[in-house]
Amino acid sequence: MAIKTVEWRNGSVVMVDQRLLPNREVYRVYRDYREVADGIRTMVVRGAPAIGVAAAMGLALGARTLRGRTHATGFERLCKVFAATRPTAVNLFWAIERMRRVYQQNRQRSLDTICTLLEREALAMHEEDVAANRAMGRFGAELLPRTVTVLTHCNAGALATAGYGTALGVIRAAREAGKRVSVIACETRPFLQGARLTAWELMHDRIPVTLITDNMAAHFMARGEIDCVVVGADRVAANGDVANKIGTYAHAVVARRHGIPFYVAAPTSTVDLACKDGSGIPIEERPRDEVTHVLGQRIAPKGVKVHNPAFDVTPASLVTAIVTEVGVARAPYRGALRRLVRRQEPERAGAARRASGARR
């Protein structure tokens, strides 16, 4: 897609305001790290991989405010600001830790050098994410039949990543491979990422898409009109339990009832081996007005009690396969995911060494 989700431009972080799509295409230019953090918190940018890249760029921006001998304390303060933005997407914490490692390895160097290295690391994450999504797409496309109707939930496309997408990356890659793919997109209440973003992305790429409300999915599965489900993830636990946008669990249950494959597309940076199962995944509670209002219009009585968890956890037992940029994991997931993450670690280390050499 021509649209840029998040990018570094002339020393600023630029993000398309996804709250306004598809009606308005507005780019926010942030020159202060606190503005970037607020953009993550308020969902100017959303999607686990995109959040990670945005946070890395925000830290690179914030590093320019560090001064004198206290810059170590200052950098940790920056990390805490970004860590407090959204709790569920593990890519956020993965990106923070990666930037922290660059800082710690170079903390004895000049602040100008540290800032340059942090900026380059953030740009490397951006490039790596696009490459990972394309690789993930190729692996996932092999799982789809020649003619297929895919159900997807929320938005796991170019807008949720640095580009190309995870779940939508699988769909794009299948189309590029010559397969006949059509998509049924759930609206994804309450933030309407499916209606506003996924439908818009797919129409932009001329991929056939039909929009439905979330509670219609079971109906179409029962009628045999859905061949598989492909979703993204914000965190994958070591045992294969998957946190994704609220409503995903229900689709997985119904898919199992009807013998429909349920695939998760997520980079290895989304796999949290330190989290043994889904019970350890923090679930973000979003503001109540996201439920009581739609596009600024109140739809519920004032004072009504509201729960608004942004994510739910799909048990590994309902997941057919997890597609990553280095291969496809199948049950038992604990060993399969660990092997894929370990396979990716040398590649990342090699890329870091090459980048470090280029920086010198």
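Higher on the page you've got the structure.
Here the residue numbers are simple positions, counted from 1 along each chain's written sequence. Side-chain atom pairs in this predicted model are given and counted only at pLDDT of 80 or more, local residue features only at pLDDT of at least 70, and totals for whole chains, interfaces and linings cover all residues. With hydrogens and water excluded, all non-hydrogen atoms of the structure serve as input to the side-chain values.

### Some thoughts on the overall build of the protein
Here is the rule: Each helix is a run of DSSP H or I of at least 4 residues and each strand a run of E of at least 2, with the numbering of both proceeding from the N terminus. For this measure, only C-alpha atoms enter the radius of gyration; the expected value for a globule follows 2.2 Å times N^0.38, where N is the number of residues. Each residue's exposure class comes from its accessible area (1.4 Å probe, protein chains only) as a fraction of the maximum for that residue type: buried when under 20%, exposed when over 50%, partly exposed otherwise. All accessibility values rest on the Shrake-Rupley procedure with a 1.4 Å probe; residue burial counts only the protein chains present in the view.
Looking only at helices and strands, the protein has eleven helices and 16 strands in total. Computed over the C-alpha atoms, the radius of gyration of the protein is 20 Å, within 12% of the 21 Å expected from 2.2 N^0.38 for a compact globule of 360 residues. In terms of overall dimensions, the protein has C-alpha extents of about 65 × 50 × 40 Å along its principal axes. Classification of the 360 residues of the protein by burial places 56% in the buried group. A total accessible area of about 15600 Å² is found for the protein, and carbon and sulfur atoms account for 51% of it.

### Here we look at the pairing of strand E9 (residues 242-245)
Quick note on the threshold: Here, a strand pair is defined by DSSP locating no fewer than two bridges between the strands.
Note: strand E8 (residues 235-237) against E9, two bridges, orientation antiparallel. The residue bridging Arg235 from the neighbouring strand is Ala243, located in E9. Between E8 and E9, which pair antiparallel in sequence order, lie four residues; one of them, Gly240, sits at a positive phi of approximately 95°. With four bridges connecting them, E9 and strand E14 (residues 311-314) associate as antiparallel partners.

### A look at the nonpolar core
Here is the rule we go by: By nonpolar core we mean a set of buried residues, namely Ala, Val, Leu, Ile, Met, Phe, Trp, Tyr and Cys, connected to one another through side-chain atoms within 4.5 Å. The contact rule is simple, with two residues in contact once any of their heavy atoms fall within 4.5 Å.
Counting residues in hydrophobic clusters, the biggest one holds 42 residues, and the most contacted among them are Val13, Met15, Phe75, Phe82, Met99 and Leu118. Mapped onto this core, the elements with two or more residues apiece are strand E1 (6-9), strand E2 (12-16), helix H1 (33-41), helix H2 (48-62), helix H3 (71-83), helix H4 (90-105) and helix H5 (111-141). Ranked by residue count, the leading element in this core is H2, at eleven residues. When sequence neighbours within four positions are dropped, the list of residues in contact with Phe82 reads Tyr33, Val36, Ala37, Ile40, Ala55, Gly58, Leu59, Leu92 and Ile96. Counting 31 residues, the second-largest nonpolar core is a separate cluster that includes Ile226, Val264, Ala336 and Leu337.

### Focus on the environment of Met216
With respect to the helices, strands and loops of the structure, Met216 is situated in the loop between strand E6 (209-212) and helix H8 (217-222). The sequence separation of Met216 and Glu187 amounts to 29 residues, and the corresponding C-alpha distance is 10.0 Å.

### Brief notes about the packing of H4 against H5
Going by this rule: Note on definitions: angles span 0 to 180 degrees between N-to-C directions of axes, and those axes are lines fitted to C-alpha atoms, for helices only across the stretch in contact. Working rule for handedness: look at the near helix, and if it is turned counterclockwise from the far one by less than a right angle, call the crossing left-handed; if clockwise, right-handed. Residue polarity is assigned by list, with Asp, Glu, Lys and Arg as charged and Ala, Val, Leu, Ile, Met, Phe, Trp, Tyr, Cys and Pro as nonpolar; anything else, Gly included, falls into the polar class.
Orientation of H4 relative to H5, taken along the N-to-C sense of each, is 145°, at an axis distance of 9 Å. Handedness of the H4/H5 crossing: right-handed. Where H4 approaches H5, its residues Trp94, Ala95, Arg98, Met99, Val102 and Tyr103 are matched on the opposing element by Ile114, Leu117, Leu118, Glu121, Ala122, Ala124, Met125 and Glu128. A class-by-class count of the residues in the contact of H4 with H5 yields eleven nonpolar, no polar and three charged.

### Overview of the sheet that holds strand E5 (residues 180-186)
One open sheet accounts for seven strands, arranged E6-E5-E4-E7-E10-E15-E16; its pairing is mixed. Pairing within the sheet leaves two strands with one partner each, and these edge strands are E6 and strand E16 (327-329). Adjacent strand axes in the sheet meet at a mean angle of 25° when their direction is disregarded. Inspection of the sheet shows strand E4 (residues 147-152) paired to strand E7 (residues 228-231) by two bridges, in the parallel sense. When the bridges of E7 are listed, Leu151 appears paired with Val229. Each of E4, E5 and E6 is contacted by helix H7 (residues 193-204), which is oriented at about 170° to E6, the strand it contacts most. Relative to the sheet, helix H9 (residues 248-257) contacts E4, E5, E7 and strand E10 (262-265), its axis offset from that of E10 by approximately 145°.

### Thoughts on the packing of H2 against H4
Stated formally: Working rule for angles: under 35 degrees goes down as roughly parallel, over 145 as roughly antiparallel, 65 to 115 as roughly perpendicular, anything else as oblique.
Running from N to C, H2 and H4 cross one another at 30°; their axes reach a closest spacing of 7 Å. In terms of orientation, H2 lies roughly parallel with respect to H4. Considering only the axes of H2 and H4, their crossing is right-handed. Residues Ala48, Pro49, Ile51, Gly52, Ala55, Ala56, Leu59 and Ala60 of H2 touch H4, and the partners they reach there are Asn91, Leu92, Ala95, Ile96 and Met99.

### Notes on the packing of aromatic side chains
To keep it simple, the criterion reads: Ring pairs are drawn from Phe, Tyr and Trp, using the six-membered ring of Trp, whenever the two centres fall within 6.5 Å, and their geometry is named by plane angle: stacked under 30 degrees, edge-to-face over 60, tilted for the rest.
Under the criterion given, the structure shown has one aromatic pair. Ring centres of Phe75 and Tyr103 lie 4.5 Å apart, and the angle between their planes is 10°; this geometry places the pair in the stacked category. With a gap of 28 residues between them, Phe75 in helix H3 and Tyr103 in helix H4 connect regions that are remote in the sequence. Each member of the pair Phe75 and Tyr103 is classed as buried.

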